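So the chains spell out like this:
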Amino acid sequence: MKLSITKYTALSGLILLAAACQKGEIPNLNTPQTDVITINPTRGELNNLVTGTESGMRFTLGTYYDAIGVIGREIYRFSGSEPRFTSELLGGGSSTLDNNTFYLTNPWASRYRVVRQTNILLDAATNSTAVTDAERKAYLGFAKTIQAYQLLLNLNMTDANGVRIDVRDVYNPGPFVPKEPALEAIAQLLDAGKADLTGSSVIFPLSEGFEGFNDADGLIRFNRALAARVAVYRQQWAAALTALSESFFDLNGDFNTGVYHVFGTGANDILNPAFIAQNQSGEVRVAHPSYAADITPGDDRISKATLRTSAAGQSGLSSNRDVWVYTSNTAPIPIIRNEELILIYAEARIQQNNLPDAQVALNRIRTGHNIAPYGGAVTQTALINEMLRQRRYSLFYEGHRWIDVRRYNMLNTLPLDRAGDDVWDKFPLPQNENQ
């Protein structure tokens, strides 16, 4: 990652670098410096808060993707030191999900740490006399957009158990909000972010993960892409299409255009936490065997699950294919990209019963991955199944499969690989959360 991420102030370093460990306690964000920096910060101090916010979004992503990927039967995570990947996450035997362990508490705390950082940024930008009103609006819009995204990731985990939306007072946070009102609040936060970004002037630096999206127009298009995702989660199909029209959606564009988390080997930077080299032993991430078994012959997305020199196994599970989505320790991880937007467009059109347009979009995905145009039944049910299939392969190990089958009430279609295994529908709330 380049300089815009690796230059930290003492504040952002203290807040964010402590989260790099995948296990163990994550310290409280409420440090004495936060009160000072919100009084009347300089442009440099505001920019460092932006940098810290962007950097913090990357922490424990590997744990998040592993946890929901294992439950969603996308992957197996074999670890010589951590059996809970193959026991609790898969419901092995009498195992259940633990509300006080790393696969829940670390991603959860990391996301709320960034929410805390965005709240500091909101207060700091509001109080700063060093920026113009247009510049202030850009800070506010960025902070609200990122805050919405972080809350959405935690809601993806806990689903019907909800999330806290109002956490501005770290000593007296607001109540847990159930799923549907939480999604509404997240959508409203994105709308507020868009309103702030409109007519704003961006003076803060962003990493190369925001290349092409680092001005007001680009951040609005990023915001609207996230809004389209939230809209389909809410089954608001017209709203999804409206958001897409204001995003970077391009039916004939590059699948990989989008906004990314980026990583690097420099001082104060971190490596991609979702990367494990091919043919590893001890710490292994492999594709669920059904990924290759179910794929259409000739589909180039088989390259996301490469053959191992020998199969890996643990606890009665095995696979002969490594997950190979992030192919180096500095490979970027997408926040959202055009291929997902094309599939959101297809989904919204299917749900509106505009099947010809949906089929065009699905064929764009199919032919873009070296398989023939869709030849099945042209019905709403058939095309929903086709859309979910294409999402499975296009968005493999990007954090979507479990959420997708859950929102279509299809968790029962996921394979159970051992007698006594379970498919969980949500994570419990962390034990240290007091409702």
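See above for the structure.
These numbers were taken from a predicted model, which means no experiment stands behind them. (Residues numbered from 1 in each chain as written. Predicted model: local features only at pLDDT ≥ 70, side-chain atom pairs only at ≥ 80, totals over all residues. Heavy atoms only, no water.)

(A) Quick peek at the overall build of the protein. Broken down by element type, the protein carries 15 helices and eight strands. Taken over C-alpha atoms, the radius of gyration comes to 21 Å for the protein, in line with the 22 Å a tight globule of 435 residues would show. Seen along its three principal axes, the alpha-carbon backbone of the protein occupies a region of about 60 × 50 × 40 Å. A burial count over the protein gives 59% of its 435 residues as buried. In the protein, once contacts between residues fewer than 6 apart in sequence are set aside, the share between residues at least 24 apart is 74%. Accessible surface, the protein as shown: approximately 16100 Å² in total, 49% of it carbon and sulfur. (Helix = DSSP H or I, 4+ residues; strand = E, 2+ residues; numbered from the N terminus. Rg over C-alpha atoms; globule rule 2.2 N^0.38 Å. Buried < 20%, exposed > 50% of the residue type's maximum accessible area, 1.4 Å probe, protein only. Contact = heavy atoms within 4.5 Å. Areas by Shrake-Rupley, 256 points an atom, 1.4 Å probe, with all protein chains shown as cover.)

(B) Just the nonpolar core, in detail. If you look at the biggest cluster of nonpolar residues, it comprises 129 residues, and the most contacted ones within it are Leu89, Phe142, Phe222 and Phe427. Ranked by the residues each element gives to this core, the list is headed by helix H7 (residues 133-158), at 13 residues. Apart from residues no more than four positions distant in its own chain, Phe142 is found in contact with Val50, Thr53, Leu121, Leu197, Phe204, Leu206, Phe210 and Leu219. (Core = buried A, V, L, I, M, F, W, Y, C linked by side-chain atoms within 4.5 Å.)

(C) The packing of aromatic side chains, seen in detail. Overall, the coordinates contain 19 aromatic pairs when judged by the stated rule. An angle of 50° between the planes, with centres 6.0 Å apart, marks the rings of Phe275 and Trp324 as tilted. A residue pair is termed long-range when its members are at least 10 positions apart, and Phe275 in the loop between strand S4 (258-261) and strand S5 (283-287) and Trp324 in the loop between strand S7 (317-323) and strand S8 (333-337) qualify at 49 residues. Between Tyr326 and Tyr397, the aromatic rings sit 5.9 Å apart at their centres with planes inclined by 50°, giving tilted as the arrangement. Placement of Tyr326 in the loop between S7 and S8 and of Tyr397 in the loop between helix H14 (380-394) and helix H15 (401-407) is noted, with a sequence separation of 71 residues between them. Pair check on accessibility: Tyr326 and Tyr397 agree, each one buried. Through a chain of ring-to-ring contacts, the aromatic side chains of Phe85, Phe102, Tyr103, Trp402 and Phe427 assemble into a single cluster. A cation over an aromatic ring shows up here: Arg406 above the ring of Trp402, its NZ or CZ 4.4 Å from the ring centre. (Phe/Tyr/Trp six-rings, centres within 6.5 Å; stacked < 30°, edge-to-face > 60°. Lys NZ or Arg CZ within 6 Å of the ring centre and 35° of its normal.)

(D) Here's a closer look at the pattern of salt bridges. Evaluation of the coordinates by the stated rule reveals 28 salt bridges. Among the ionic pairs, Glu82 bridges to Arg84, the shortest N-O distance being 2.7 Å. For Glu82, a relative accessible area of 3% puts it in the buried group. Two residues, Asp299 and Arg301, come together in a salt bridge whose shortest N-O distance is 2.8 Å. (Salt bridge = Lys/Arg side-chain N within 4 Å of Asp/Glu carboxyl O.)

This is a description of form; function is not addressed.
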